[in-house]
Amino acid sequence: MKHNLIFNPVRSQKLVHWNQSGDDCCQWNGVACNKGRVIGLDLSEEFITGGLDNSSLFNLQYLQNLNLAHNDFHSSIPSKFGLLTNLRYLNLSNAGFQGQIPIEIAHLTKLSTLDLSTSFTSQHTLKLQKPNIGILLQNLTELEELYLDGVKVSAIGKEWRHNKTAQKHIEQL
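Please read all numbers here as calculations on a predicted model, not as lab measurements.

### Section: the state of the cysteines
What is meant by a disulfide is a covalent connection between two cysteines, made through their sulfur atoms. Going through the model one piece at a time under the given rule, you end up with one disulfide. Among the cysteines around Cys25, which has no disulfide bond, Cys26 carries the closest sulfur, lying 4.4 Å off. Taking relative accessible area as the criterion, Cys25 reaches 26% and is therefore assigned partly exposed.

Structure follows, in C-alpha cells:
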C-alpha cells in the first residue's frame, strides 16, 4: 500500500518506517491487526498528498477503523470507500478532500463514528447535496457520532424529519 501513496518522508512518522520486504505489517506503527488481519489503520498526519484511487487500501476487507485525518489529498473522496463494509470508525477530517461526498459512504452500515469535518477556512470544501443528508443517514443506523463541521450540507426540514430512526442513535452531531 505504501508504494501507492505520495507522502513527505521527512515529516512522516509511520509510513516512512513501513517495510515492504516481508516484515509483518501487523508490527508497523499505525497498523492494528486481529488474527493476522488488518483491522485498523491510522495514517493521520502523515503528510499524504494526491489521491487514493489506485490504493490497495480498498482491498483491506476486514478493516474496522480508518483514520486519514490531517493529510492533504487534494482530491474527491473515492467512491471505493463503499467497499470497506466492515468499517466502524472513519475519520477523514481535514484530509484535503473536496467536492461531493459519494453515496457509497452510505454503504458503510456498521459505522458508529463518521468524521468528515473540515476547517471553515479550508480551501478544500466538501459538499453533501446529492446524496443529501437524508439519503446518507437512512442506511447508517449504527451511527452514534457524526461530524460535518465545515461541510456544505444541503437539506430541507423534511429530509431531517424522515430520518428520525438514524437520528435517535446519534449522540454527537
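### Some remarks on the packing of aromatic side chains
One pass over the full model with this rule turns up three aromatic pairs. Note on Trp18 and Trp28: the rings are 5.0 Å apart at their centroids and 25° apart in plane angle, and the pair reads as stacked. Here Trp18 is found in the loop between β1 (6-7) and β2 (31-34), whereas its partner Trp28 is found in the loop between β1 and β2, with 10 residues between them in sequence. Relative to Phe97, the ring of Phe73 lies with its centre 4.8 Å away and its plane at 10°, an arrangement referred to as stacked. Separated by 24 residues along the polypeptide, Phe73 in the loop between β5 (65-67) and β6 (89-91) and Phe97 in the loop between β6 and β7 (99-100) bring together distant segments of the chain. Considered together, Phe73 and Phe97 belong to a single accessibility category, that of buried residues. The residue whose ring lies beneath Arg37 is Tyr62, and the NZ or CZ to ring-centre distance is 4.2 Å.

What counts as what
- Residues numbered from 1 in each chain as written.
- Predicted model: local features only at pLDDT ≥ 70, side-chain atom pairs only at ≥ 80, totals over all residues.
- Heavy atoms only, no water.
- Disulfide = S-S within 2.5 Å.
- Buried < 20%, exposed > 50% of the residue type's maximum accessible area, 1.4 Å probe, protein only.
- Phe/Tyr/Trp six-rings, centres within 6.5 Å; stacked < 30°, edge-to-face > 60°.
- Helix = DSSP H or I, 4+ residues; strand = E, 2+ residues; numbered from the N terminus.
- Lys NZ or Arg CZ within 6 Å of the ring centre and 35° of its normal.

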